[in-house]
Structure formats: C-alpha cells, structure tokens
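# A look at the structure
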Amino acid sequence: MQVTLLAAYTKDDYIIGSQGKIPWNLPGERIRFKAACSGKMVVMGRKTFEEIGHPLSYCTIIIVSRSLKSVPQGCLLAKSLEQAIDISLKNQDEVLIAGGQSLYEKALPLATKILATEISLKVSGDTYFPKPDSSWKKTILESKIENNISYDYVEYIL
C-alpha cells in the first residue's frame, strides 16, 4: 500500500490554513494538484472539503467525517481515515490524502511519500502540516515564482 500526502504549506512554519482558508493564491499550485489527482480518489476531511466548496470534476473526493450524513454527488463519505483508505484501495493502488491537519497527522505514520509545495511566505495561520522528520529524503523537483511568491515542488520519500 502506498500512501501519499499532497500538501501545500509555508516553508518555515508549515502553515496550511488560516481561519478555514488557504492564505495564498497560487494558480500554478492548483494546476499541480489537479495533475496529481486527475482520475483518482482523493481523501480529505470535512473542513478541507468545505474550503473547496464543491466536488472536483477531475477526481472523486472521499470526505472523512463522523458528523455528515450525506455528501454531494461525485463524492463518497467515510466515517474514519481507515474506512477512506479501504475505499480508496478497492479502486486504486495509491491512497492520496489532501488534508487537513488532523488527517495529515493520522496519516503521516502510514505515508510512504509526500508531494508538497513549500511556499516561501510569512503568514499567520492556525492549521499546520506535520513536519517530516529526518528519516524522509527530500528532493526539490521544481522551483517557481508566482504572484511575487517563490515556492518549491518537493517530494519526500521514506
């Protein structure tokens, strides 16, 4: 089983959100996310899905929530990360997890790869990505500047 975490966070502070919103606007990062997820199932928590606000036409979202009773067409509901992983593995070899903080924290011990956008930006935030420890091998895949913000696409492998 391969579990891949997909994330975008600030390079120094590992911030992924502020008051339920993504604190930057990087169209290139959204294009990369779409490319990574197209045709696949993607696991995310309820709050992350609510920030997006709608199903994505290019992938099936598995929303992890104990409180939701139903989800929009084009999405699936799982009551736990474990159930979401089971649903995903019935349809594909790789489990893609796209946030938020709680799911990242639960999934990091299961993960074998992290595809991240590390953003050089100082923002205040209240939601974080768990910092990978030194057992992860980091490779910078590409560096970009967009909207006067520099960022790196990186891959971490165990």
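Our subject in this report is the structure included herewith. Everything numeric here is computed off the predicted structure, so don't read it as measured data.

Another point: a nonpolar patch on the surface. Taken together, the side chains of Met1, Leu89 and Leu110 present a nonpolar region at the surface, about 270 Å² in accessible area. Mapped onto the elements of the fold, Leu110 is located in the loop between helix H4 (101-107) and strand S7 (113-120). In this structure Leu110 comes out as partly exposed when scored by relative accessible area, which is 36%.

Counted residue by residue, S7 has 7 buried out of 8 residues, so it is predominantly covered. In the sheet, strand S1 (residues 2-10) pairs with S7 via 7 bridges, with the strands oriented parallel. Counterpart to Thr4 in the pairing with S7 is Lys113. As paired strands, S7 and strand S10 (residues 149-157) are joined by 8 bridges and run antiparallel to one another. Residue pairing for S10: Ile119 is matched across the bridge by Tyr151.

Bringing the sheet that holds strand S6 (residues 94-97) into the picture now. Taken in spatial order, the 8 strands line up as S5-S4-S3-S6-S1-S7-S10-S9 in an open sheet, and their pairing is mixed. Of all strands in the sheet, those with a lone pairing partner are strand S5 (75-78) and strand S9 (137-146), marking the two edges. The mean inter-strand angle of the sheet, taken between neighbouring strand axes irrespective of direction, is 20 degrees. When S9 meets S10, the two strands line up antiparallel, connected through 9 bridges. Note that in S10 the partner of Glu146 across the bridge is Ile149. Packed on one face of the sheet, helix H1 (residues 27-37) meets S1, strand S3 (41-45), S6, S7, S9 and S10 and runs near 25 degrees to S10.

Okay, helix H3 (residues 81-89) next. Within H3, the full set of buried residues consists of Leu81, Ala84, Ile85, Ile87 and Ser88. In a view along the axis of H3, the buried residues occupy a sector of 160 degrees, so they form one face of it. Looking at the buried residues of H3, the elements they touch are S3, strand S4 (60-64), S5, S6 and H4.

Attention shifts here to the side chain of Glu146. Among the secondary structure elements, Glu146 is positioned in strand S9. Although Glu146 is buried, it forms no salt bridge, and the closest oppositely charged side chain is Lys144 at an N-O distance of 5.4 Å. A distance of 3.0 Å separates a polar atom in the side chain of Glu146 from the backbone nitrogen of Gly28. One polar contact links Glu146 to Tyr151, side chain to side chain, over a distance of 2.5 Å. Not counting the four nearest positions on each side in its chain, Glu146 is found in contact with Leu26, Pro27, Gly28, Glu29 and Tyr151.

This paragraph deals with the state of the cysteines. Under the counting rule described, the total for this entry stands at 0 disulfides. The thiol of Cys59 is unpaired, and the distance to the nearest cysteine sulfur, on Cys37, comes to 5.2 Å. Looking at Cys59, the relative accessible area reads 7%, which means it is buried. Between Cys75, a cysteine without a disulfide, and Cys59, which holds the nearest cysteine sulfur, the sulfur-to-sulfur distance is 8.2 Å. What makes Cys75 buried here is its relative accessible area of 9%.

One finds Leu5, Tyr9, Val43, Ile97, Ile114 and Phe129 to be the most contacted residues of the largest nonpolar core, which totals 28 residues. Of all the secondary structure elements, the ones that give two or more residues to this core are S1, S3, S4, H3, S6, H4, S7 and S10. Non-local contacts of Ile97, meaning those with residues more than four positions away in its chain, are made with Val3, Thr4, Leu5, Leu6, Val43, Leu81, Leu103, Tyr104 and Ala107. Ranked by size, the runner-up nonpolar core spans 15 residues in total, among them Leu6, Cys37, Tyr58 and Ile63.

Procedures and definitions
Residues numbered from 1 in each chain as written. Predicted model: local features only at pLDDT ≥ 70, side-chain atom pairs only at ≥ 80, totals over all residues. Heavy atoms only, no water. Patch = residues over 30% accessible without salt bridge, like charges linked within 9 Å, V, L, I, M, F, W, Y side chains within 5 Å. Areas by Shrake-Rupley, 256 points an atom, 1.4 Å probe, with all protein chains shown as cover. Salt bridge = Lys/Arg side-chain N within 4 Å of Asp/Glu carboxyl O. Helix = DSSP H or I, 4+ residues; strand = E, 2+ residues; numbered from the N terminus. Buried < 20%, exposed > 50% of the residue type's maximum accessible area, 1.4 Å probe, protein only. Pairing = 2+ DSSP bridges. Axes fitted to C-alpha atoms, helices over the stretch in contact; angles between N-to-C directions. Contact = heavy atoms within 4.5 Å. Arc of directions from axis to C-beta. Lys, Arg positive; Asp, Glu negative; His and termini not counted. Polar contact = N/O pair within 3.5 Å; in protein donor to acceptor, adjacent residues only side chain to side chain. Disulfide = S-S within 2.5 Å. Core = buried A, V, L, I, M, F, W, Y, C linked by side-chain atoms within 4.5 Å.

Treat this as a map of the structure, not an account of what it does.
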